[in-house]
Amino acid sequence: MKQTSLEDADEEHLVRRTARGDRAAFEELYRRTSPWLAVRLRRRCADEQIVAEVMQETFLAVWRAAGSFAGAATGGSAVGWLWTIAARRLVDAFRRRAHHAQPPPEVVLDVAPVAAAEDELLSATIGDEVGVALRDLAPELRAVLQAMVLDGLSVRETAVLLGLPEGTVKTRARRARIAMREALS
């Protein structure tokens, strides 16, 4: 296949070609997704060394496990699959750091005043009322909802990711649900 056909291929097709050992498809997937992935990881971790490590581990995992991607057949997307791998690698990196008795990295909740891509997508997908209610949540509540709902992390994984006790994550998740319920009633 020509390079132009790779440029026209969607991410799911690139993952499937990567599973067959197509290095050019993998390189195109990396070119498209690595900038977005790095920004998203930096929003959750201020330590550039950890972000770089997680990026490397994520794309290594993608290269090795591309054949396990189920794709649209299970309602998933290639970008979502890639983010799931990265989020779990980030949690693992935080666990390793905690295991070595270093303080957890600083979590950056609002790096830029610009709305995150997932916030814009949520607003467009689920309507203005819910989008406004999400934006009006306190940043610490929104971060917990984002990790648990958007990223699909468990309470334990969210606690590690945000550097919080599990009880605090549960409390913030409950407060966020109550605030959302009140905002939408």
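Calculation notes
Numbers given for residues are sequential positions, taken from 1 along each chain in its written order. Owing to the predicted nature of the model, reporting of local features is limited to residues with pLDDT of at least 70; listing and counting of side-chain atom pairs is limited to 80 or more, with chain, interface and lining totals taken over all residues. In computing side-chain values, all of the structure's heavy atoms are included and hydrogens and water are not. Only rings of Phe, Tyr and Trp enter the pairing, Trp through its six-membered ring, and a pair is recorded when the two centres are within 6.5 Å. The plane angle decides the type: under 30 degrees is stacked, over 60 is edge-to-face, the rest tilted. Under the DSSP-based scheme used, a helix requires at least four consecutive residues in state H or I and a strand at least two consecutive residues in state E, with every element numbered from the N terminus. Residue exposure (1.4 Å probe, protein chains only): buried if accessible area is under 20% of the type maximum, exposed if over 50%, otherwise partly exposed. For a Lys NZ or an Arg CZ to count as sitting over a ring, it must be within 6 Å of the ring centre and within 35 degrees of the ring normal. Between N-to-C directions, angles cover 0 to 180 degrees, with each direction set by a line fitted to C-alpha atoms, over the stretch in contact for helices. An angle counts as roughly parallel when it lies under 35 degrees, as roughly antiparallel when it exceeds 145, as roughly perpendicular when it falls between 65 and 115, and as oblique in every other case. Whether two residues are in contact is decided by their heavy atoms, any of which lying within 4.5 Å being enough. The nonpolar class holds Ala, Val, Leu, Ile, Met, Phe, Trp, Tyr, Cys and Pro. Asp, Glu, Lys and Arg form the charged class, and all remaining residues, Gly among them, are polar. Working definition: the arc comes from the directions between the helix axis and the C-beta atoms, pointing outward to the latter. Only one rule defines a salt bridge in this text: a Lys or Arg side-chain nitrogen within 4 Å of an Asp or Glu carboxyl oxygen.

Counting across every chain of the model gives 5 aromatic pairs. Geometrically, the ring pair formed by Phe-26 and Trp-63 is edge-to-face, given 5.1 Å between the ring centres and 70° between the ring planes. With a gap of 37 residues between them, Phe-26 in helix H3 (residues 23-42) and Trp-63 in helix H4 (residues 48-65) connect regions that are remote in the sequence. Taking the centre distance of 5.2 Å and the plane angle of 50° together, the rings of Phe-69 and Trp-81 count as tilted. Here Phe-69 is found in the loop between H4 and helix H5 (78-99), whereas its partner Trp-81 is found in helix H5, with 12 residues between them in sequence. The buried category is assigned to Phe-69, whose relative accessible area is 5%. Grouped by ring-pair contacts, the aromatic residues Phe-26, Tyr-30, Phe-59 and Trp-63 constitute a single cluster. For the cation-ring pair, Arg-23 lies above Trp-63, with the distance from its terminal atom to the ring centre recorded as 5.5 Å. Positioned above the aromatic ring of Trp-83, the side-chain terminus of Arg-40 is 4.2 Å from the ring centre.

Another point: the packing of helix H9 (residues 155-162) against helix H10 (residues 166-184). Their axes nearest at 8 Å, the elements H9 and H10 cross at an angle of 105°. When the axis of H9 is compared with that of H10, the two are roughly perpendicular. Facing Val-155, Arg-156, Thr-158 and Ala-159 of H9, the residues of H10 in contact are Glu-166, Val-169 and Lys-170. Class assignment of the residues belonging to the contact of H9 with H10 gives a composition of 3 nonpolar, 1 polar and 3 charged.

Among the secondary structure elements, Ser-34 is positioned in helix H3. Residue Ser-34 is classed as buried on the basis of its relative accessible area of 10%.

This part takes up helix H2 (residues 11-19). Residues spaced three or four apart along an α-helix point in a common direction, a consequence of the helix completing one turn every 3.6 residues. For H2, every residue scored as buried is listed here: Leu-14, Val-15, Arg-17 and Thr-18. On an axial view of H2, the arc spanned by its buried residues comes to 165°, and they lie on one face. One or two positions beyond H2, positive phi appears at Gly-21, with a value near 90°.

Our next topic: the pattern of salt bridges. For the coordinates displayed, the defined rule picks out 10 salt bridges. The residue Arg-17 makes a salt bridge to Asp-22 at a minimum N-O spacing of 2.5 Å. When sorted by exposure, Arg-17 lands in the same class as Asp-22, which is buried. Put simply, Arg-31 and Glu-28 hold a salt bridge, and the shortest N to O gap is 2.5 Å. A residue pair is termed a helical-turn pair when its members lie 3 or 4 positions apart in one helix, as Arg-31 and Glu-28 do in helix H3 at 3 residues.

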